[in-house]
Amino acid sequence: MLLPPRNPPSFLAQLIDLTLMQLSNFRWSWRRMAITGMLVPTANIVMLGLFNRDSGIDTLSYILVGNIVISLMFESMGKVSSNFAFMRWVGTFNYFATLPIQRYMLVIATLLAFALLALPALIFIIFFGAWFLAVPLHANPLVFLIIPLTMIPLSSLGAWLGTLAMTPDESNAMTLVVTFFLLCLGPVLLPPDRIPDILHWVGRLSPATYAASALRQTLIGPITPQLGWDIAMLTFFAISMTWLVSKRMEWRNN
Amino acid sequence: MVIYDIEHLTKRYLNQPTLANDDLCLQIRQGEIFGLLGDNGAGKSTLVKQLVNLVHPTSGKICFMGQPLDTNPLRVPLMVGYMPQDGLAFNSLTLGEALYFTAHLRGLSRHDATRERERLLTLWHIEKYRDRTPTQMSGGQRRLMQMAVTMAGAPPILILDEPTNDLAPERRKELWDILRQQHRDQGTTIIFITHDAIEAEKIIQRVGIMQNGKLLVVGKPSDLKAQVMHQWRLELVFAPENPPTLPPHITPIMLDSGRWLLFLPREEATALLNHLDPHTLQDFRLYSATLEDLYLHYVTPPA
């Protein structure tokens, strides 16, 4: 007797199911969102805002956008890194690899799920920060493109770190170090005139620099030609990091 | 139809001095219940991971339903339900979610996946754990979750890595009963690894015994037992102060005070039972060699 042929699920079905499956991570991630996604940037905004109250709108806008990037880094990069390290540690990749799905669909679904999970903290920080620092928001519709475009490279970087780490603890430590470096390299939290030239140049290798620049232009303004370069670089980081993660993660041997 | 055709399969892990699998040759046919027995580190899990394409062989070939395993990456996941040893792999999914999504991704419609979830929750008597995640379950509950998820979507081939680990005796019996029923009703091919040779004997049709990466023997338990174990086991239980009298040529193995084990040819065993004074015996058990005896025969080095 021949076994009847079976058809794999459509790409859309894979994307929906895998995204919903990965959204189940809210069961552990909401606590982290409250602490690292909201509390840490909020405390930063309050402290730096009070300290720089008379420094002018330009400096305050860097504090606001820098903390939006911090929230994104903790929420996207940190949590995806934890999730990938945990999935590797407990064998979840093997579970997914024995289902009739594509590897890149799992990567895309994970990035999408954690982007959705990061939104509450992101929205909170944007509005709280703007109110507390008295920075007027002039949001451009392009911000709806820029927010996912900043999340993807950071999440992919987190996923890559997660696949490199031997344990979830190691992944958390690595992510913290990378977060610290990305924030320090380039004008993310501080205006360009407050950081040494060398960091300004090295910062051009960091996706956080382009994320901060693009968010600043589309949330506060004004839009400059630099935005095109930011979008190009963020797209480059998004594609290359996602490709790197797909290659690096444990999967079937085909 | 041959489901798996394994030819000279060898696997060496990086920086490991010994081979995990050493020149294995094996065929597994459709509708078989095939058991793999072996000590820890014998290479059983490495073999089944290669069958589901999670580990790449160092050399040799595996054909799945007539085609090399790696020609179509989705062929094995569509047909095979694999249960690994680790029970935390479902991450943050609840039991109900894992059943539903697995069934749907294995090709059922959303409506049928919902029905499949309910069927499996009932079949395994795990309805009350429906909303629990693996971390909220005991080891045995996690094992049942794994079994149910592996069967979701009714894959025609099941590969199970130590399915009875962590299960209470009544749950073990239930597991073997469900697998037997699945095999009888659906013709499911079942390949499993176990340390529990006595339990497995109730379901197993063909067995492979592994040691140090090699497949020592493959065959039907009855054939293998007939080849190597011509003697029956007779266990006698008696009051220690009043042992039964045995013919002088029979030497018992003392298992305990008041408990002897005798290995006898079949005819002699029944003759001896007729000869013994029933008043000296509190109990006796006469049985042919078990799968465990067979396993020990192959893996125990000669004295």
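Right above here is the structure, for reference.
Description of the structure in this document. (Residues numbered from 1 in each chain as written. Chains lettered and ligands numbered in written order. Predicted model: local features only at pLDDT ≥ 70, side-chain atom pairs only at ≥ 80, totals over all residues. Heavy atoms only, no water.)

## As for the overall build of chain B
Point 1. In terms of regular secondary structure, chain B is built from 10 helices and 14 strands.
Point 2. Its C-alpha atoms put chain B at 70 × 45 × 35 Å along the principal axes.
Point 3. In chain B, which comprises 303 residues, the proportion classed as buried is 53%.
Point 4. Just so you have it, chain B exposes about 13,800 Å², and 50% of that area is on carbon and sulfur atoms.
Point 5. Between the mean site of the 31 positive side-chain charges and the mean site of the 34 negative ones, chain B shows a separation of 6 Å. (Helix = DSSP H or I, 4+ residues; strand = E, 2+ residues; numbered from the N terminus. Buried < 20%, exposed > 50% of the residue type's maximum accessible area, 1.4 Å probe, protein only. Areas by Shrake-Rupley, 256 points an atom, 1.4 Å probe, with all protein chains shown as cover. Lys, Arg positive; Asp, Glu negative; His and termini not counted. Charge placed at Lys NZ, Arg CZ, Asp CG, Glu CD.)

## Remarks on the interface of chain A and chain B
Point 1. Between chain A and chain B, the contact holds 38 residues from the first and 43 residues from the second.
Point 2. Of the roughly 3,300 Å² buried at the junction of chain A and chain B (both faces included), carbon and sulfur atoms supply 60%.
Point 3. The tally of links from chain A across to chain B stands at two salt bridges.
Point 4. Glu97(B) is the salt-bridge partner of Arg27(A), the closest N and O atoms lying 2.8 Å from each other.
Point 5. Linking chain A with chain B are seven residue pairs in polar contact (both at pLDDT 80 or more), by the criterion used here.
Point 6. Listing elements by their share of the side of chain A that touches chain B, those giving two or more residues are α1 (11-23), α2 (26-51), α3 (57-90) and α4 (92-97) of chain A.
Point 7. Element by element, the count of residues in the side of chain A that touches chain B is highest for α1(A), at eight residues.
Point 8. Of the residues belonging to the side of chain A that touches chain B, the class tally is 21 nonpolar, 13 polar and four charged. (Contact = heavy atoms within 4.5 Å. Buried area = accessible area lost by both parts, 1.4 Å probe. Salt bridge = Lys/Arg side-chain N within 4 Å of Asp/Glu carboxyl O. Polar contact = N/O pair within 3.5 Å; in protein donor to acceptor, adjacent residues only side chain to side chain. Nonpolar A, V, L, I, M, F, W, Y, C, P; charged D, E, K, R; others polar.)

## Description of the layout of surface pockets
Point 1. Here the largest pocket defines a volume of roughly 720 Å³.
Point 2. If you go around the largest pocket, you meet 27 residues; those closest to its centre are Asn94(A), Glu250(A), Lys49(B), Leu54(B) and Val55(B).
Point 3. Among the secondary structure elements, those contributing two or more residues to the lining of the largest pocket are α3 and α4 of chain A together with α1 (44-51) of chain B.
Point 4. When grouped by side-chain class, the residues that make up the lining of the largest pocket number 12 nonpolar, seven polar and eight charged.
Point 5. In this model, the second largest pocket occupies a volume close to 490 Å³.
Point 6. Tyr62(A), Pro192(A), Ser213(A), Arg216(A) and Gln226(A) are, among the 22 residues lining the second largest pocket, the residues nearest its centre.
Point 7. Those elements giving two or more residues to the lining of the second largest pocket turn out to be α3, α9 (207-219) and α10 (226-248) of chain A.
Point 8. Tallying contributions element by element places α9(A) first for the lining of the second largest pocket, with five residues.
Point 9. Residue composition of the lining of the second largest pocket, by class: 10 nonpolar, eight polar and four charged. (1 Å grid on protein atoms, 1.4 Å probe; cavity = no way out; pocket = protein on both sides within 12 Å on 5 of 7 lines; lining within 4 Å. Points joined across faces, edges and corners; volume = space filled by probe spheres on them.)

## A few points about the packing of aromatic side chains
All names here are of chain A.
Point 1. Applying the stated criterion across every chain yields a total of 16 aromatic pairs over all chains.
Point 2. Summarising the aromatic geometry, the rings of Phe 124 and Phe 128 are spaced 5.8 Å apart at their centres and angled 5° between planes, so their arrangement reads as stacked. Here Phe 124 and its partner Phe 128 are both found in helix α5 (residues 103-133), four residues apart, which amounts to about one turn of the helix.
Point 3. The class for Phe 124 is partly exposed, based on a relative accessible area of 34%.
Point 4. Chaining the aromatic ring pairs together yields one cluster made of Phe 124, Phe 128, Trp 131 and Phe 132. (Phe/Tyr/Trp six-rings, centres within 6.5 Å; stacked < 30°, edge-to-face > 60°.)

## A closer look at the pattern of salt bridges
In a structure, side chains of opposite charge can pair up when their charged atoms sit close to one another.
All names here are of chain B.
Point 1. Overall, the coordinates contain 18 salt bridges over all chains when judged by the stated rule.
Point 2. In this structure, the salt-bridge partner of Arg 130 is Glu 118, at a minimum N-O distance of 2.7 Å. Residue Arg 130 is found in the loop between α4 (110-123) and α5 (139-151), and its partner Glu 118 is found in helix α4; the two are separated by 12 residues along the sequence.
Point 3. Using a relative accessible area of 26% as the deciding quantity, one classes Arg 130 as partly exposed.
Point 4. Of the residues examined, Glu 118 reaches a relative accessible area of 29% and is grouped as partly exposed.
Point 5. Measuring nitrogen to oxygen at the nearest pair gives 2.9 Å for the salt bridge that ties Glu 174 to Arg 171.

## Examining the side chain of Glu116(B)
Point 1. Considering the arrangement of structural elements, one finds Glu116(B) in helix α4.
Point 2. What Glu116(B) contacts, discounting residues up to four positions off in sequence, is Ala103(B), Leu108(B), Met151(B), Ala152(B), Gly153(B) and Ala154(B).

## Considering the nonpolar core
Point 1. Ranked by internal contacts, the top residues of the largest apolar core, which has 100 residues, are Phe96(A), Tyr4(B), Phe64(B), Trp124(B) and Ile159(B).
Point 2. When near neighbours in sequence (up to four residues on either side) are disregarded, Trp124(B) contacts Leu144(B), Met147(B), Ala148(B), Met151(B), Arg171(B), Glu174(B), Leu175(B) and Ile178(B).
Point 3. The next biggest cluster of nonpolar side chains, apart from the first, holds 45 residues, and it includes Ile68(A), Leu133(A), Val135(A) and Val188(A). (Core = buried A, V, L, I, M, F, W, Y, C linked by side-chain atoms within 4.5 Å.)

## Considering the sheet that holds strand β6 (residues 80-83) of chain B
All names here are of chain B.
Point 1. Read from one edge of the open sheet, six strands run β6-β7-β8-β3-β9-β10, paired in mixed fashion. Each edge of the open sheet is held by one strand with a lone partner, namely β6 and β10 (214-219). Recorded for the sheet is a direction-independent mean angle of 15° between the axes of neighbouring strands.
Point 2. Sheet topology places strand β3 (residues 33-38) next to strand β8 (residues 189-194); five bridges connect them, and they run parallel. Looking across to β8, one finds that Ile 33 is bridged to Ile 190.
Point 3. In the packing of α5 onto the sheet, the strands contacted are β6 and β7 (157-161), and the crossing angle to β6 comes to about 170°.
Point 4. Running at roughly 35° to strand β9 (residues 206-211), helix α10 (residues 291-299) makes contact with β3, β9 and β10 of the sheet. (Pairing = 2+ DSSP bridges. Axes fitted to C-alpha atoms, helices over the stretch in contact; angles between N-to-C directions.)

## What about α9(A)?
Think of an α-helix as turning once every 3.6 residues; residues three or four places apart then point the same way.
All names here are of chain A.
Point 1. In a regular helix each residue adds 1.5 Å, so 13 residues correspond to 18 Å; α9 covers 18 Å between its end C-alpha atoms and thus fits that length.
Point 2. Counted residue by residue, α9 has 13 buried out of 13 residues, so it is predominantly covered.
Point 3. Backbone nitrogen of Ala 208 and a side-chain oxygen of the N-cap are separated by 3.1 Å at the start of α9; the cap is Ser 206.
Point 4. Immediately downstream of α9, the backbone of Gly 221 shows phi near 90°, a positive value. (Expected span 1.5 Å × (residues − 1).)

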